[in-house]
Amino acid sequence: MKWLESCKARCKAVVTRRLAVALIAVLAVGSVATFNFTKTAKAAVAAPAAAALDDNSVAALLTLDRAMETLAARVTPAVVNVTVASKSNEQQSGAEGMPDMQQFFGPDGPFGRQFGRQFNVPSQPQNRMEHGLGSGVIISPDGYIVTNNHVIDGAVDIRVTMSNREVMPAKLVGADPLTDLAVIKVNGTNLPSVPWGNSAELHPGQTVLAFGNPYGYRFTVTRGIISALNRPNPDPSDRRKPGEFIQTDAAINPGNSGGALVDARGELIGINTFLISSSGSFSGMGFAIPSQIVQPTVEALIRDGKVTHGFIGIQISDVTPDNAKFFQMNQAVGAIVSEVGPDTPAAKAGLRTGDVITELDGKPVTDAGQLQMTVGQKRPGDTIHLLVVRDSKPTNIAVTLAALGNGKGTETAGGDHGKARWGLGLADLTPEVRNELQARKSVQGAMVEEVQPGSPADNAGLQRGDVIMEVNRHAVKSSAEVAEALSSVPSGQDALVLVWSNGGSTFRVLHPAQG
């Protein structure tokens, strides 16, 4: 019995030891697992995130950001939201027969949607009121504000919202439809304002900021560059309108009309006025009226309440590498006189079709748009001195400017519409045809009756209804004379034609077919 009890005691001790070892092993494994989990959890919590780049690595960007912030803070208080209530002028616009900026750049216009006022038009056509918005920029501490003419056109009530949300009534000081500029005024003193800049010193690639109220989102600023300069007037319905627009990729949308385009110094270099887009929204091409046009126009509006533009009475186009040789010009600079209006200052001074204007008052004339802009800023009665190249000989001509009216015969800038290759059907300019084309009696030559697709004429932009008035600087009066003159051009050589189209005349170069 003692032996049995001793055996049981030993077995119990062995089992107890084994259980203890197993328990210790389990505890050890659990402790290790707990340690590893805790270590992993601590590592997940404690591992630092990626560090931001230090200031030295991005110093240039930070400096640029601070500069843009300073610039925006400086200009924004001088930019205002312009809201207008105006009477519908639908019947009058139709009677005038000339599309304004809203019509031309409207959704059905050739350049997409104009982005001045946005209208909430009632469904009833009679006695309706239009409510619109645009932008403006304060140019003097006493409350003079520049905006676009198409923003306030026809307005019976104008309200201005300042950057501090204060709403102030504004009165119209004056407007100039030709340049699409207007000046309004609010009563105030020590108002924030933007200084004038010099658009003549701009270069493509420079940083610019555009300010305005796109789609009603007030006091918006966008940044971009100057994409191009001296863009021509895109409105074929009125070639008297000056071009020289600044093109920018700073985002401009509906509601930005009349807003400020400023350079890196915060100087006003342009007034945002339209965009080119098939959708009506910004597509990378916004345009502003340069301060070279804005400042003198605004000064005249403040002084006189209106602007009376001087004019010579000519139509002009650019000297290009294509046509320079026909005018004995070594460089493609200057403005070619493509038409001289009867009984105009130009006619009285002795200017002729084919003259090339290279200087105005001793300053070089680079192209037709520049000449048109410069003359348009002169006042009626001023005498200007032109240096003209005629038959390769320089000639000085003094012209006393008249007042620009609503009639024809004013200087208009047109472009060379490109390359051409022969391919024309011609007809004589009979009285019936002349009446159909609404061409004046001074328009002589042959009407373009047919243009073959892909032909020289097609490439030149000639269309049915155009009138060829000259070939290689020689006047032609019939279809037979035009055909003979073109056929006499030596093989492989270009031809220069003077073309009347839609009330204006331009020189175009015809290039012979290759091969």
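So, here's what we can say about the structure. Worth saying up front: this structure is predicted, and the values here are computed from it rather than measured.

In this structure, the second largest pocket spans a volume of roughly 640 Å³. For the second largest pocket, the lining is made up of 25 residues, of which Ala200, Gln292, Gln370, Met373 and Thr374 are closest to its centre. Grouping the constituent residues of the lining of the second largest pocket by class yields twelve nonpolar, eight polar and five charged.

We now examine the side chain of Ser135. Tracing the chain through its elements places Ser135 in strand E2 (residues 129-138). On the basis of relative accessible area, Ser135 is assigned to the buried category, the value being 0%. There is a polar contact of 3.0 Å between the side chain of Ser135 and the side chain of Asn213. Among the polar contacts made by the side chain of Ser135, one reaches the main-chain carbonyl oxygen of Gly255 at a distance of 2.7 Å. Residues contacting Ser135, with those up to four places away along its chain left out, are Val80, Val82, Val146, Thr147, Gly212, Asn213, Gly255, Asn256, Ser257, Gly258 and Gly259.

Strand order in the closed barrel formed by six strands is E7-E8-E9-E12-E11-E10, and the pairing between neighbours is antiparallel. Going across the sheet, the axis of each strand differs from the next one's by a mean of 45°, ignoring polarity. Looking at chain direction, strand E11 (residues 268-275) and strand E12 (residues 286-290) are connected through five bridges and run antiparallel. Its bridge partner lying in E12, Leu275 is registered against Gly286. Contacts from helix H2 (residues 59-75) reach strand E7 (207-212), strand E8 (220-231) and strand E10 (260-262) within the one sheet, and its direction differs from that of E7 by about 40°. Contacting E11 and E12, helix H6 (residues 291-304) runs over the sheet at an angle of about 50° to E12.

The backbone of Asp361 shows a phi angle near 50°, a positive value even though the residue is not glycine. Tracing the sequence through the fold places Asp361 in the loop between strand E16 (356-360) and strand E17 (363-364). Unusually for a residue other than glycine, Asn472 sits at a positive phi of about 50°. Among the structural elements, Asn472 can be located in the loop between strand E24 (467-471) and strand E25 (474-475). Asn472 gets classed as partly exposed once you look at its relative accessible area, which sits at 25%.

The buried fraction of strand E14 (residues 314-318) is high, at four of five residues. Bridge count between E14 and strand E15 (residues 335-340): five bridges; the pairing is antiparallel. Looking at the pairing, Ile316 lines up with Val337 of E15.

With that settled, consider H6. The terminal C-alpha atoms of H6, which comprises 14 residues, lie 19 Å apart, in line with the 20 Å expected from a rise of 1.5 Å per residue. Among the residues of H6, those classed as buried are Ser291, Ile293, Val294, Thr297, Val298, Ala300 and Leu301. Buried residues in H6 make contact with strand E3 (144-147), strand E5 (167-176), strand E6 (181-185), E11, E12 and helix H8 (368-376). Count one or two residues on from H6 and you reach Gly305, which has phi positive near 80°.

About the thresholds
- For every chain, the first residue of the written sequence is number 1, and numbering continues from 1 onward in sequence order.
- Where local features are concerned, this predicted model is filtered to residues with pLDDT of at least 70; where side-chain atom pairs are given and counted, the filter is 80 or more; whole-chain, interface and lining totals use all residues.
- Neither water nor hydrogens contribute to the side-chain values; these are computed over all heavy atoms in the structure.
- The distinction between a cavity and a pocket rests on a 1 Å grid over the protein atoms alone: a 1.4 Å probe fits inside a cavity but cannot get out, while a pocket stays open yet meets protein on both sides within 12 Å along at least five of seven lines, and a residue with an atom within 4 Å of a point counts as lining.
- Grid points are joined across faces, edges and corners, and a volume is the space filled by probe spheres set on the points.
- Side-chain classes are defined by residue name, with Ala, Val, Leu, Ile, Met, Phe, Trp, Tyr, Cys and Pro counting as nonpolar, Asp, Glu, Lys and Arg as charged, and the others, Gly among them, as polar.
- Segments assigned H or I by DSSP are reported as helices when at least four residues long, segments assigned E as strands when at least two residues long, and all are numbered from the N terminus.
- Each residue gets one of three labels from its accessible area relative to the maximum for its type: buried under 20%, exposed over 50%, partly exposed in between, using a 1.4 Å probe on protein chains only.
- For this analysis, a polar contact is any N or O atom pair within 3.5 Å, provided that within protein one partner can donate a hydrogen and the other can accept it, and provided that sequence-adjacent residues contribute only side-chain to side-chain pairs.
- Contact definition: two residues touch when any of their heavy atoms are within 4.5 Å.
- The pairing criterion for strands is at least two bridges between them, as found by DSSP.
- Only the stretch in contact is used when fitting a helix axis, every axis being a line fitted to C-alpha atoms; angles between N-to-C directions are given from 0 to 180 degrees.
- In this scheme, a helix's expected span is set at 1.5 Å multiplied by one less than its residue total.

Nothing here speaks to function; it is geometry throughout.
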